[in-house]
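Listed below, chain by chain, are the residues.
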Amino acid sequence: MPVLMVVHAHPDDESSQTGGTLACYAAAGWRTVLVTCTDGSQGDGGDGVKPGQPGHYPQQVAAQRSCELATAANILGVSDLVTLGYPDSGIPGDYDPPSPSGAFSYRPLAPMADRLAGLLRAYHPDVLITYPPNGLSGHPDHIRTHDLVRAALDITCVATEAAAAVVPQLHYIALSRSRLASLASQARAELGPEAWSPPESMAIDDAQITTAVDITDYWAIKLAALGAHASQSDAAALLKLFTAAGRHDDARWFEEYVRAELHSGPSDSDENLGG
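Residues numbered from 1 in each chain as written. Predicted model: local features only at pLDDT ≥ 70, side-chain atom pairs only at ≥ 80, totals over all residues. Heavy atoms only, no water.

**Observations regarding the overall build of the protein**
Turning to step 1, where the next piece is worked out: Of regular secondary structure, the protein possesses seven helices and seven strands.
Turning to step 2, where the next piece is worked out: A compact globule built from 275 residues should have a C-alpha radius of gyration of about 19 Å, and the protein, at 18 Å, falls within 12% of that.
Turning to step 3, where the next piece is worked out: With the C-alpha coordinates of the protein rotated into their principal frame, the extents come out at 55 × 45 × 30 Å.
Turning to step 4, where the next piece is worked out: Burial status across the protein gives 51% buried among its 275 residues.
Turning to step 5, where the next piece is worked out: Long-range contacts, defined as pairs at least 24 residues apart, comprise 79% of the intrachain contacts of the protein with a sequence gap of at least 6.
Turning to step 6, where the next piece is worked out: As displayed, the protein has an accessible area near 12400 Å², and 52% of this comes from carbon and sulfur atoms.
Turning to step 7, where the next piece is worked out: Across the protein, the centroid of the 16 positively charged side chains sits 2 Å from that of the 33 negatively charged ones. (Helix = DSSP H or I, 4+ residues; strand = E, 2+ residues; numbered from the N terminus. Rg over C-alpha atoms; globule rule 2.2 N^0.38 Å. Buried < 20%, exposed > 50% of the residue type's maximum accessible area, 1.4 Å probe, protein only. Contact = heavy atoms within 4.5 Å. Areas by Shrake-Rupley, 256 points an atom, 1.4 Å probe, with all protein chains shown as cover. Lys, Arg positive; Asp, Glu negative; His and termini not counted. Charge placed at Lys NZ, Arg CZ, Asp CG, Glu CD.)

Structure, rendered in structure tokens:
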């Protein structure tokens, strides 16, 4: 059974960014492994209370988000859910949350890389997905997740080089400019001219996309998984956007990736991961 491993920073990232891919490959008979690095404790609390505000209790938030993550993973057909449980770093300057002791983005990389390398050796993924170097959104936990995956890969590649082990294909989550423009246009048509859509800074040139996974048949599953993260305003905003855009019956939906270079050159464009 081939193995797809996806490494994310927070609960809900798996649904918003790779939910369709996870569902698609699970349905195709792949073993899907979801690794979530942080506990999400700097997310929204009850009634939308933000980190650092009165009534925000990180342990309660983490417990709520853990339940939501388990529900979403089940909806997506995830075979193995691994939660590393590092404290969420929050977004500096957003709601001015306190930096929790030992927050993920501040922790020494080496011990965490050894831990993730152990998971790579245990699961032997054929395909590995995570964020690009800028974290896609620039969030410090996303950037740290990228660094962690690359460091863990370096460890496993060195340790297994003599045995000529197969190195997983590494893909970075991406969003093309044309797809972002299409999504924004559909959202404005359904929700009005002030409808929110992801910022242009998250997009890359279409020519840089190497893989586009058609998730049209799994779009409803992706939305259901995203809806499981009901406590989070960001997830709710994305769900509203995706639901509005999805009202076009003839629309095709894709999740896009960039094949990363490890020890060999980049691949040609492909419609599937592991192709």
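Here the narrative resumes, following the displayed structure.
**So, the packing of aromatic side chains**
Turning to step 1, where the next piece is worked out: Inspection of the entire model under this criterion finds four aromatic pairs.
Turning to step 2, where the next piece is worked out: Geometrically, the ring pair formed by Tyr-86 and Phe-104 is stacked, given 5.7 Å between the ring centres and 15° between the ring planes. In this pair, Tyr-86 sits in strand β3 (residues 80-86) while Phe-104 sits in the loop between β3 and α3 (109-123), placing the two residues 18 residues apart along the sequence. Neither residue differs from the other here; Tyr-86 and Phe-104 are each classed as buried.
Turning to step 3, where the next piece is worked out: Pairing Trp-219 with Phe-242 gives two aromatic rings, centres 5.4 Å apart and planes at 65°, and the pair type is edge-to-face. You can see Trp-219 sitting in helix α6 (residues 219-227) and its partner Phe-242 sitting in helix α7 (residues 233-245), a full 23 residues away along the chain. (Phe/Tyr/Trp six-rings, centres within 6.5 Å; stacked < 30°, edge-to-face > 60°.)

**With respect to the environment of Ala-184**
Turning to step 1, where the next piece is worked out: Looking at where Ala-184 falls in the secondary structure, it is placed in helix α5 (residues 177-191).
Turning to step 2, where the next piece is worked out: Judged by relative accessible area, Ala-184 falls into the buried class, the value being 8%.
Turning to step 3, where the next piece is worked out: The sequence separation of Ala-184 and Asp-154 amounts to 30 residues, and the corresponding C-alpha distance is 38 Å.

**A word on helix α1 (residues 13-27)**
Turning to step 1, where the next piece is worked out: When the terminal C-alpha atoms of α1 are compared, their 20 Å separation across 15 residues agrees well with the 21 Å that a helix rising 1.5 Å per residue should span.
Turning to step 2, where the next piece is worked out: Maximal helix bending in α1 amounts to about 75°, located at Gly-19.
Turning to step 3, where the next piece is worked out: In terms of residue burial, α1 counts as a mostly covered element, since 13 of its 15 residues are buried.
Turning to step 4, where the next piece is worked out: In the stretch just after α1, Gly-29 is the one whose phi turns positive, near 95°. (Expected span 1.5 Å × (residues − 1). Bend = angle between axes of the 7 residues up to and from the residue.)

**Remarks on the nonpolar core**
Turning to step 1, where the next piece is worked out: Among the nonpolar cores identified, the biggest contains 40 residues, and Leu-4, Tyr-25, Ile-129, Val-213, Phe-242, Trp-253 and Leu-273 are the most heavily contacted of them.
Turning to step 2, where the next piece is worked out: Secondary structure elements with two or more residues in this core: β1 (3-8), α1, α2 (58-75), β4 (127-130), α5, α6 and α7.
Turning to step 3, where the next piece is worked out: Considering every element that reaches this core, the biggest residue donor is α7, with five residues.
Turning to step 4, where the next piece is worked out: In this view, Leu-273 contacts Leu-4, Thr-21, Tyr-25, Trp-30, Val-127, Ile-129, Gln-169, His-171, Thr-211, Val-213 and Tyr-257; residues no more than four positions away in its chain are not counted. (Core = buried A, V, L, I, M, F, W, Y, C linked by side-chain atoms within 4.5 Å.)

**What about the pattern of salt bridges?**
Turning to step 1, where the next piece is worked out: For the structure shown, the criterion picks out eight salt bridges.
Turning to step 2, where the next piece is worked out: Two residues, Asp-44 and Lys-50, come together in a salt bridge whose shortest N-O distance is 2.7 Å. Here the two residues Asp-44 and Lys-50 agree in accessibility, since each one is buried.
Turning to step 3, where the next piece is worked out: Across the pair Asp-214 and Arg-252 runs a salt bridge, and its minimum N-O distance is 2.8 Å. Residue Asp-214 is found in strand β6 (residues 211-214), and its partner Arg-252 is found in the loop between α7 and β7 (254-259); the two are separated by 38 residues along the sequence.
Turning to step 4, where the next piece is worked out: A network of salt bridges, in which partner residues are shared, links Arg-177, Glu-200 and Asp-205. (Salt bridge = Lys/Arg side-chain N within 4 Å of Asp/Glu carboxyl O.)

**Focus on the layout of surface pockets**
Turning to step 1, where the next piece is worked out: For the largest pocket, the calculated volume is near 1300 Å³.
Turning to step 2, where the next piece is worked out: If you trace the largest pocket, you find 49 residues lining it, with Ser-16, Gln-17, Trp-196, Met-202 and Leu-238 closest to the centre.
Turning to step 3, where the next piece is worked out: Within the residue set of the lining of the largest pocket, elements represented by two or more residues are α1, β5 (169-174), α5, α6, α7 and β7.
Turning to step 4, where the next piece is worked out: Ranked by the residues each element gives to the lining of the largest pocket, the list is headed by α7, at six residues.
Turning to step 5, where the next piece is worked out: Of the residues in the lining of the largest pocket, the class split is 23 nonpolar, 13 polar and 13 charged. (1 Å grid on protein atoms, 1.4 Å probe; cavity = no way out; pocket = protein on both sides within 12 Å on 5 of 7 lines; lining within 4 Å. Points joined across faces, edges and corners; volume = space filled by probe spheres on them. Nonpolar A, V, L, I, M, F, W, Y, C, P; charged D, E, K, R; others polar.)

**Considering the pairing of β6**
Turning to step 1, where the next piece is worked out: Side chains Thr-211 and Val-213 project from β6 onto a buried face, and the interleaved Ala-212 and Asp-214 project onto a face without burial.
Turning to step 2, where the next piece is worked out: Pairing analysis gives four bridges linking β6 to β7, with the strands arranged antiparallel. Residue pairing in the sheet places Thr-211 in a bridge with Tyr-257 of β7. (Pairing = 2+ DSSP bridges.)

What is shown is where atoms sit, not what they do.
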